[in-house]
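If you want the building blocks of each chain, they are given just below.
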Amino acid sequence: KAIAKVADLEFENKNYSESLKYYSRLRDISASRREQANAMIGMLKSYYQANDYENTRKVATDLLNTGNATLNASNTALLYRGKASYAQGNLENALTELKAALTATDENGAEAQYLIAEILNKQKRYKESTDAAYKMTENYANYEYWLGRAFIIIAENTVNAIFIGRIDIDSGGVGIARLVLTTN
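Keep in mind it's a predicted model, so treat the numbers as computed, not measured.

### Here we look at the overall build of the chain
And then number 1: Secondary structure assignment for the chain yields 10 helices and 0 strands.
And then number 2: Out of the 184 residues belonging to the chain, those deemed buried represent 44%.
And then number 3: Contacts in the chain between residues far apart in sequence, at least 24 positions, make up 51% of those at least 6 positions apart.
And then number 4: About 10,100 Å² of surface is accessible on the chain, with carbon and sulfur atoms providing 50% of the total.

Laid out in structure tokens, this is it:
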């Protein structure tokens, strides 16, 4: 438990190379699958924060391949694999991986849903992005942070659609109002 505490402290202090050493050691010495999975989650988050996306993907894949990881560990691995692809600019791969993470009904799923909407927005696929953002109200309404960010994506999509002449101003406002009404 002491190694886990030190690893978590190093992570919180943004000493990712140090946290990786401790999480790796913890993974190697842990007797239980749950402790090993927690160590691997710490590793993949540390790699991600250190901008080492290849190792993020590798640890996430290893965690998924263990076969008996907890649901939370699997959900986290799916999310971070998609986030790593996104950070590397591989948007289509990121979309595929993040869609796999939508099986999660926890915050991992909420973040994945938001990131899908964000990627579609970056690809100028505004209608699909707006639809993905609206799904936040159906499946992840309890996660206010991600819901708020989805609201911003909808507003951006509305402005972009108005700018390129795909909708008129009145119908754009209805979309934003629909999100507000759905969440209240």
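Next comes the rest of the write-up.
### Here we look at the pattern of salt bridges
And then number 1: Here the structure, examined in full by the defined rule, presents 9 salt bridges.
And then number 2: The salt bridge partner of K21 is E18, with a shortest N-O separation of 3.0 Å. Here the residue K21 and the residue E18 both occupy positions in helix α2 (residues 16-29), the gap between them amounting to 3 residues, near one helical turn.
And then number 3: Judged by its relative accessible area of 53%, K21 is exposed.
And then number 4: Taking relative accessible area as the criterion, E18 reaches 27% and is therefore assigned partly exposed.
And then number 5: With a shortest N-O distance of 3.4 Å, R125 and E92 are connected by a salt bridge.

### Thoughts on the packing of aromatic side chains
And then number 1: Across all of its chains, the model carries 5 aromatic pairs by this definition.
And then number 2: Ring geometry for F11 versus Y16: centroids 5.4 Å apart, planes at 65 degrees, classification edge-to-face.
And then number 3: A relative accessible area of 15% places Y16 in the buried class.
And then number 4: Ring pairing ties together the aromatic residues Y48, Y53 and Y80, which thus form one cluster.
And then number 5: Sitting over the ring of Y80, K83 keeps its end group 4.4 Å from the ring centre.

### Structural notes on the nonpolar core
And then number 1: With 44 residues, the main nonpolar core has L63, L98 and M136 as its most contacted residues.
And then number 2: Elements represented by at least two residues in this core include exactly α2, α3 (33-49), α4 (53-65), α5 (71-87), α6 (91-100), α7 (107-122), α8 (126-139) and α9 (144-163).
And then number 3: Top contributing element to this core by residue count: α7, with 8 residues.
And then number 4: With sequence-adjacent residues up to four places away left out, L63 is seen in contact with A37, M40, I41, L44, A69, A73 and A77.

### Quick look at the packing of α7 against α8
And then number 1: In the contact formed by α7 and α8, the axes pass within 7 Å of each other and the chain directions differ by 165 degrees. Regarding the angle of α7 to α8, the classification is roughly antiparallel. Along this stretch, α7 crosses α8, giving a crossing that reads as left-handed. Along the contact surface, α7 presents A110, Q113, Y114, I116, A117, L120 and N121, while α8 presents Y126, E128, S129, A132, A133, K135 and M136.

Quick notes on the rules
- One numbering rule holds for all chains: residues counted from 1, following each sequence as written.
- Where totals are concerned, whole chains, interfaces and linings use all residues; where local detail is concerned, this predicted model gives features only for residues with pLDDT of at least 70, and gives and counts side-chain atom pairs only at 80 or more.
- Only hydrogens and water are set aside; all other atoms, that is, all heavy atoms of the structure, feed into the side-chain values.
- Every helix listed is a DSSP run of H or I at least four residues long, and every strand listed is a run of E at least two residues long, numbered separately from the N terminus.
- Only protein chains enter the area calculation, which uses a 1.4 Å probe; residues under 20% of their type maximum are buried, those over 50% are exposed, and those in between are partly exposed.
- Should any heavy atoms of two residues lie within 4.5 Å, those residues are considered in contact.
- The method behind every accessible area is Shrake-Rupley, applied with a 1.4 Å probe, and residues are considered shielded solely by the protein chains displayed.
- Should a side-chain nitrogen of Lys or Arg be within 4 Å of a carboxyl oxygen of Asp or Glu, the pair is scored as a salt bridge.
- Two rings from Phe, Tyr or Trp (for Trp, the six-membered ring) form a pair when their centres are within 6.5 Å of each other. A pair whose planes differ by under 30 degrees is stacked, one over 60 is edge-to-face, and the rest are tilted.
- Definition used: whenever NZ (Lys) or CZ (Arg) falls within 6 Å of the ring centre and also within 35 degrees of the ring normal, the charge is taken to sit over that ring.
- Definition used in this section: a nonpolar core is a set of buried Ala, Val, Leu, Ile, Met, Phe, Trp, Tyr and Cys residues joined via side-chain atoms within 4.5 Å.
- Geometry is summarised by axes, namely lines fitted to C-alpha atoms with helices restricted to the contacting stretch, and by angles between N-to-C directions that run from 0 to 180 degrees.
- By definition in this entry, angles of less than 35 degrees are roughly parallel, angles greater than 145 are roughly antiparallel, angles of 65 to 115 are roughly perpendicular, and the rest are oblique.
- Crossing chirality is assigned from the near helix's rotation relative to the far helix, an anticlockwise turn below a right angle marking it left-handed and a clockwise turn marking it right-handed.

The values reported here are purely geometric and, on their own, carry no functional implication.
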